[in-house]
Amino acid sequence: MNRRSSWTLELDRDDDGPLVARIAAAVRADIARGRLRPGQRLPGTRSLAATLETSRGTIVAAYEALAAEGWLRGDPARGTFVAELATDERPRRFAATAGPRSGVPTRPGFELGPPPRAEPPQELTARPYNLAGGLPDPRLVPATALARAYRRALGLSGARLLDYGDPRGHPALREALATMLAERRGLATSTDDVLVTRGSQMALWLIASTLCRPGDRVAVEALCYRAARDAFTAAGAALSPAPIDADGLVVEALAEPMARGELRAVYLTPHHHYPTTVTLAAARRLRLLELARRHRVAIIEDDYDNEFHYEGRPVLPLASVDRSGVVIYIGTLSKVVAPGLRIGYVVAPPPVLERMLIARGLIDRQGDLATEAAVAELMADGELRRHILRARRLYGERRDALCEALEQRLSGALTFSRPRGGMSLWAAVDPSIDLERWEQRALEQGVAVAPGRRFTADDTPIPFLRLGFARHEPGELALAVRRLARALRR
């Protein structure tokens, strides 16, 4: 028997979503709660449209969506009815008014496995003055030139760029990267030696997934990029922190573990060590390459900010003198152009790249070919090179501005050396200062800083701060330091 009732539709007044979706959600919720029972007839579309002061087409669309989902059934001669659902038909208790709009449940209805051994990505730009990360300034990006490059690329090859393509990356970008690496960093690379990734973090994950088996041990610098550590531990590797000093990684500390076959790989940032910015000494570079060759250990070289060296010539990468195929080289354009472009790259022997491609196919298949083609255009016409030269000059000025502001206002609290390169400086904090409290007070003042514990293997607090300077203009840096000093006084 078809039942009629005095049922009225009650919409969630706090929901500002599309009206069709709101109507469907309200009907669906009333059926699920028992307020509408199987076989019950719903108001006609014209009648309900008049009640809700909307168009009949809106009601028709909502009813059709619910019918497609199996909640309603339509009879052309008699109207629209609640479907005979395969559920308990007994009326359920329900509130006098409609509850919150139905949506994604707040808790899963199943057991979760152990969480990943990593921290979720954080919003890095939430504070007015972000000195916590060595981030570039997106205001310097040649946005007009990039927009033109996008238009040219899509205009010439739009259909091809928006289709499936080469998972190694756009050929023009790989060719441009190979040329740049050969001319400026001494790597004897060809187009086929380069794999383009979505940022250097994807490169790290692919390398870790390809290289590491559960239980393998990877040596990392005692102070290290946390996301790199997380990539290796996510792959099941165990980490062996190695000491660093004023000359970078203490390579001799790895000699015995390598000789005993305990290490699968060594991950390091030899050009500007992350976070201290020191450069690995030449003798240690040669020693590391020799040990890796002799004991067949992979070296993962992360050259994350090669372009930004302000005094003297940049040191050539380890990969430039590797003749044994032990170095996997990681670079990025995210620091050069903009983090949001997410373009990194890897140079490695072909069998390594082939396995990385297999791993990539499991999560991403290919990168953004349109963006890659546009960046290749910027490299081909010299725009990217001009941008790098301008950014290097400005970042050098900002480094000096930050150092001068710190010397003026925080000379008793911080001790540091002016970095020769990179996008941040590493400062020792007076041990009498409560660094954790200072960090919190600084956040209240709108300034984010990175305390030393973020770079230790086990979050051990150490009296150091990493302060980035590239993202802010000199006046902004002066104001940020003034607020840091105010936070310290409080």
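Now for a description of the structure that goes with this document. (Residues numbered from 1 in each chain as written. Predicted model: local features only at pLDDT ≥ 70, side-chain atom pairs only at ≥ 80, totals over all residues. Heavy atoms only, no water.)

1. Notes on unusual backbone geometry
Spelled out, the test is: Secondary structure elements are taken from DSSP: a helix is a run of H or I of four residues or more, a strand is a run of E of two residues or more, and numbering for both begins at the N terminus. Exposed residues in this analysis have more than 50% of their type's maximum accessible area, buried residues have under 20%, and partly exposed residues fall in between, with area computed by a 1.4 Å probe over protein chains only.
Residue Pro275 follows Tyr274 across a cis peptide bond; omega there is 15 degrees. The backbone of Asp459 shows a phi angle near 60 degrees, a positive value even though the residue is not glycine. Take Asp459: it is sitting in the loop between β16 (450-451) and β17 (464-468). According to the relative accessible area criterion, Asp459 is partly exposed, its value standing at 37%.

2. Regarding the pattern of salt bridges
Pairing between side chains becomes possible if they bear opposite charge and their charged atoms approach one another. Convention followed: Put simply, a salt bridge is a Lys or Arg side-chain nitrogen that is within 4 Å of an Asp or Glu carboxyl oxygen.
Applying the stated criterion across every chain yields a total of 37 salt bridges. The closest approach of N and O atoms between Asp303 and Arg185, which form a salt bridge, is 3.9 Å. Here Asp303 is found in the loop between β10 (298-302) and β11 (327-332), whereas its partner Arg185 is found in the loop between α5 (171-184) and β4 (194-197), with 118 residues between them in sequence. Each member of the pair, Asp303 as well as Arg185, carries the same accessibility label: buried. The network of salt bridges with shared partners includes Glu311, Arg399, Asp400, Glu407, Arg418 and Arg420.

3. What to know about a nonpolar patch on the surface
Test applied: Patch definition: residues above 30% relative accessible area lacking any salt bridge, with like charges linked at up to 9 Å and the nonpolar side chains Val, Leu, Ile, Met, Phe, Trp and Tyr linked at up to 5 Å. Note on areas: these come from Shrake-Rupley sampling with a 1.4 Å probe, and a residue is covered only by the protein chains present in the view.
A contiguous nonpolar surface patch, about 330 Å² in accessible area, is contributed by Trp205, Leu362 and Ile363. Look at Ile363 and you get partly exposed, because its relative accessible area is 48%.

4. Concerning a positive patch on the surface
Inclusion rule: Under this rule, positive means Lys or Arg and negative means Asp or Glu; His and the chain ends count for nothing. Taken as the charge location is NZ of Lys, CZ of Arg, CG of Asp or CD of Glu.
A surface patch of positive charge is lined by Arg409, Arg482, Arg489 and Arg490. Summarising the element assignment, Arg489 is placed in helix α14 (residues 474-489). Take Arg489: its relative accessible area is 65%, and that puts it in the exposed class.

5. Comments concerning the packing of helix α4 (residues 143-161) against helix α11 (residues 369-380)
Our working definition: To get an axis, a line is fitted to the C-alpha atoms, and for a helix only the part in contact is used. The angle between two axes follows their N-to-C directions and goes from 0 to 180 degrees. Oblique is the label for any angle not covered by the other classes, which are roughly parallel (under 35 degrees), roughly antiparallel (over 145) and roughly perpendicular (65 to 115). We call a crossing left-handed when the near helix sits turned anticlockwise from the far one by less than a right angle, and right-handed when that turn is clockwise. Note on contacts: a residue pair is in contact if any heavy atoms of the two residues lie within 4.5 Å. Throughout this entry, Asp, Glu, Lys and Arg are counted as charged residues, while Ala, Val, Leu, Ile, Met, Phe, Trp, Tyr, Cys and Pro are counted as nonpolar. The remaining residues, Gly among them, count as polar.
One way to put it is that α4 packs onto α11 with a least axis distance of 8 Å and a crossing angle of 130 degrees. The angle between the axes of α4 and α11 places the two elements in the oblique class. In the packing of α4 onto α11, the handedness of the crossing is right-handed. Contacts between α4 and α11 pair Ala145, Leu146, Ala149, Tyr150, Arg152, Ala153, Leu154 and Leu161 from the former with Leu369, Ala370, Thr371, Ala373, Ala374, Glu377 and Leu378 from the latter. For the contact of α4 with α11, the per-class residue count stands at twelve nonpolar, one polar and two charged.

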